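Secondary and tertiary structure notes
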Amino acid sequence: MTPPTPAPHGDYSTLFSFLPIGAYRCNPDGEMVRVNPALVRLNGYDTEAELLRSVNDVALEWYVDPERRAEFRRLLDRDGYVRSFVSEIRRHRTRERIWISEHAHNVRDADGKLLYYEGTVEDVTAQVHAQEELRRSEEQLRLMTSQVPGMVFVVHVAPDGKRQYRFVSSGVRDIYGFAPEDLMRDPTLAAGFRHPEDQHLLDIDMQMIRAGPVDLGGEFRILMPDGSVRWVYRRSCAVSEDATGYVRVGVLLDITARKQAEAGLRANEAVWKLALESAGDGVWDWNLQSGEEFISQGIKAMYGYADDELSNFAEELDSRTHPDDVQQMEADRLDHFEGRTATYRNEHRVRCKDGNWKWVLSRGMVIARDPDGKPLRMIGTHTDITELKQAETQQRALEMQLRESQKMEAIGTLAGGVAHDFNNLLAAILGNLALAQEDVGPQHPARESLTEIQRAAMRARQLVQQILTFSRRQTQELQHQMLTPLVQEALGLLRSLLPAGVRLNARLPSTPLPVMADATQVQQVLMNLCTNAWQAMDNQSGEVTVALRAVDVDAAQALRVEGLSSGHYACLSVADNGPGMDEATLRRIFEPFFTTKPPGTGTGLGLAVVHGIVKAHRGAIDVHSAAGEGTRLDVYLPLAAHASHVPDAPSPLSAAPVPAAAETAPHLVYIDDYEAMTYLAGRLLRRQGFRVTTFESGEAAVAWLANHPDESIDLVLTDQNMPGMSGVDVAREVRQLRPGLGVAIVSGHVSDKLLADAAEQGVLEVLGKQDSMDALGDAIRGLLKG
């Protein structure tokens, strides 16, 4: 059997065709002469011939920023090659925007003459988006942890013990003297500072980590470059696990000052040396036979007492221990008394003189026993660890806030998508309903049923608007507003809606409190909160109090409330003396469709809509509630004392339908991918005196306009969200085909981005979905007249 003839040297056509990424060859004039299948697919085509035939100007048709093409050519001409050149482009056929990475080089003959260019194109959209999201998350984490004392870190530990730091807070400088990025670049850097006598502690920790997820805590020494020694307290725990290892989060605190104080005490007297081996800020000496206990002034001062305000008996502090902590404290003491632990160690809360609770670390040791081993005397220390406990709680709260924020964002995206599709269905229902009402006339028996259907459909439309508000897909008309008059106006309406037995109190300032806000939505926030408050009273008598005040938020308070930064705010509070909420309900109150009301009495959207509106106003919400103690919600809106006044927008034009002869009637091109909507719009607009040509895709409409250049068209009206070409894409193509032809876009969720993109393409106006075809006809006449 004759073996196959080998390919000529240098023939890589097979490799070219089977490359998983795009590849091309173009002549010195920039004209593509070869593209591989991967690049054909990337641009939305089926064959190489289609792509080569369609591409005319790569700079304008491919790159979102045409200047990127010029930069690409400049580098290629200067260096002879380009590597990892990242740009945002549009898939040539679908116009979808993606990110790519390009590699290219010049190919010359033996005389140095340029023959052609060769290059590859790889879709890196996912990597670019992931990098952007990672940068946002890291910046948010950096800002949050900058408020936490010491060094906060996130580290990945592989099964072989190899570490890779994923986040290090700026507090590392205060402990080790190097920057966060130094440790992230060299994970072994911190280990090099470990005191030689404490190196075995690191080895023990690594053995425990490799054995499985474990919480670690302890103290160790580090040796600084100048020879000085620092003490560090470390606490960490595993938060996730996969085949590559564990992710651990933790905190390091510099406790050198405390350790130095302990060393000084140890030098004074042998008895205190034994006590302070457990470390601490205050000293106690307990006679276990008599119950007498010497309590140092440091301990008494820690709890706010003078030296003569606490007697020297153990029961003085035991009686002030938090009831939830007593059982574990006694168990830890018993373990030490019976020899199961070398030292006594327990964390518990003690009630201070002012009534507040303070966390302490109590450590001690029995230093005298009788011949039978019964403990006689025990000495030890109390260390105030309140700040450490608060830092741990704060860290857990920040992690929970981050997870909740991501969940709410995902739910909002889903709700907005569902609402958009539902809007199309409602538009068809309402439109056909209007036709049916005209057909049957006012005296027909079915008229009453049609009216009820219309009422239900309009209620559904309002529900859709609430969903869109929650998902923040409606444009916010933020204008300079005086908040106090807005609240007063809303309260006037609310008083007429009060249920029997509920009293509405108002505490409003005399100052107007200027903010940048959408007046309608701010009043909706107040009405939703008040309605929620009196509904919670469940037909019982009670009070709802609305208060408004200016507040200055400091960094500590801003860190406690999600989405709040320090600054000047107007705080709108709604409080009730109803039954309040438990912890489980508090965690879910802003979830859409979550409600504690009986079936059929609530949509579960009231507070979700409030959450969406406040976030869109760059504000925040703080909730205070406990079962049996009522509820108060504080809405923070940034004050805008220096914002310029924005004049009111002019009233929209309106005109009654004017019948017109077919040959003189305005000619509309109407585009919507929803077949029922296209059919309905055509019927209703023709009844209003328009000539209408309808299409179910942007591609079909653009092709028809191109093939009928002499057809007189007065206005193109297109839906925005369609498979294939969007409304903005249609406007772009119409602008090229007929520069003078006006285009209007209709959308169920008008966003700021849509308005900006439409303005860039010269769109006359972006219209929201109308409640009736009469309203749409009026809007069209206004555009034609304008």
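In what follows, the structure referred to is the one given above.
In this report, the structure presented in the accompanying data block is examined. Just so you know, these numbers come straight off a predicted model, no measurement behind them. (Residues numbered from 1 in each chain as written. Predicted model: local features only at pLDDT ≥ 70, side-chain atom pairs only at ≥ 80, totals over all residues. Heavy atoms only, no water.)

1. Section: the overall build of the protein
- What the protein contains, in helices and strands, is 26 helices and 27 strands.
- Burial statistics for the protein: of 786 residues in total, 44% are counted as buried.
- For the protein, long-range pairs separated by at least 24 residues make up 59% of all intrachain contacts whose partners lie at least 6 apart in sequence.
- Entry remark: accessible area of the protein is about 41,200 Å², with carbon and sulfur atoms responsible for 52%. (Helix = DSSP H or I, 4+ residues; strand = E, 2+ residues; numbered from the N terminus. Buried < 20%, exposed > 50% of the residue type's maximum accessible area, 1.4 Å probe, protein only. Contact = heavy atoms within 4.5 Å. Areas by Shrake-Rupley, 256 points an atom, 1.4 Å probe, with all protein chains shown as cover.)

2. Examining the pairing of strand E8 (residues 216-223)
- Taken together, the eight bridges between E8 and strand E9 (residues 229-242) define a ladder with antiparallel strand orientation. Considered in E9, the bridge of Leu-223 is made with Val-229.
- Between E8 and E9, which pair antiparallel in sequence order, lie five residues; one of them, Gly-227, sits at a positive phi of approximately 95°. (Pairing = 2+ DSSP bridges.)

3. With respect to the sheet that holds strand E22 (residues 631-638)
- Taken in spatial order, the five strands line up as E17-E19-E20-E22-E21 in an open sheet, and their pairing is mixed. Two strands in the sheet have a free side with no partner beyond their single neighbour: strand E17 (502-507) and strand E21 (620-625). Each adjacent strand pair in this sheet contributes to an overall mean axis angle of 20°, direction not counted.
- Sheet topology places strand E20 (residues 567-576) next to E22; eight bridges connect them, and they run antiparallel. If you follow Val-574 over to E22, its bridge partner there is Leu-633.
- This element, helix H18 (residues 519-536), spans E17, strand E19 (542-553), E20 and E22 of the sheet and lies at about 30° to E20. (Axes fitted to C-alpha atoms, helices over the stretch in contact; angles between N-to-C directions.)

4. Things to note about the sheet that holds strand E4 (residues 97-108)
- In spatial order, the strands read E2-E1-E5-E4-E3; together these five strands make up an open sheet with antiparallel pairing. This sheet does not close on itself; its edge strands, each paired only once, are strand E2 (32-35) and strand E3 (81-90). Going from strand to strand, the sheet's axes swing by 25° on average, the running direction of each strand aside.
- With eight bridges connecting them, E3 and E4 associate as antiparallel partners. In the strand pairing of E4, Val-82 is matched with Ala-104.
- The strands that helix H5 (residues 67-79) touches are strand E1 (22-26), E3, E4 and strand E5 (114-123); relative to E3, the one it contacts most, it runs at about 170°.

5. Topic: the packing of aromatic side chains
- Counted according to the given criterion, the structure contains nine aromatic pairs.
- Judged by centre distance (5.7 Å) and plane angle (80°), the ring pair of Trp-62 and Tyr-63 falls under edge-to-face. Accessibility classification places Trp-62 together with Tyr-63 in one group, the buried group.
- Each ring, one from Tyr-176 and one from Phe-178, has its centre 5.2 Å from the other, and the planes form 20°; the classification is stacked.
- Taken together, the aromatic side chains of Tyr-176, Phe-178 and Phe-193 make up a single cluster linked through ring pairs.
- Taking the ring centre of Tyr-81 as reference, the NZ or CZ of Arg-83 above it sits at 4.5 Å.
- When the ring centre of Trp-359 is taken as reference, the NZ or CZ atom of Lys-389 above it lies at 4.5 Å. (Phe/Tyr/Trp six-rings, centres within 6.5 Å; stacked < 30°, edge-to-face > 60°. Lys NZ or Arg CZ within 6 Å of the ring centre and 35° of its normal.)

6. What about the nonpolar core?
- With 36 residues, the main nonpolar core has Leu-483, Leu-526, Val-544 and Val-546 as its most contacted residues.
- Among the elements of the structure, helix H17 (483-495), E17, strand E18 (514-517), H18, E19, E20, helix H21 (606-616) and E22 are those that each provide at least two residues to this core.
- Sorting elements by how many residues they give to this core places H18 first, with seven residues.
- If we ignore the near neighbours within four places in the chain, the residues touching Leu-526 are Val-487, Ala-490, Leu-491, Leu-494, Val-546, Leu-572 and Val-574.
- If you look at the next biggest cluster of nonpolar residues, it comprises 25 residues, including Cys-26, Val-35, Val-55 and Phe-85. (Core = buried A, V, L, I, M, F, W, Y, C linked by side-chain atoms within 4.5 Å.)

7. Quick look at helix H14 (residues 323-337)
- Taking 1.5 Å per residue, 15 residues should reach 21 Å; H14 reaches 22 Å between its end C-alpha atoms and fits that length.
- Among all positions of H14, only Asp-325, Met-329, Asp-332, Arg-333 and His-336 are buried. Taken down its axis, H14 places every buried residue within 100° of arc, on the same side. Of the exposed residues in H14, the ones pointing more than 90 degrees away from its buried face are Pro-323 and Gln-327.
- Looking at the buried side of H14, the elements it contacts are strand E11 (282-287), helix H13 (314-318), strand E13 (344-351), strand E14 (357-369) and strand E15 (375-384).
- Positive backbone phi, approximately 85°, marks Gly-339, located one or two places after H14. (Expected span 1.5 Å × (residues − 1). Arc of directions from axis to C-beta.)

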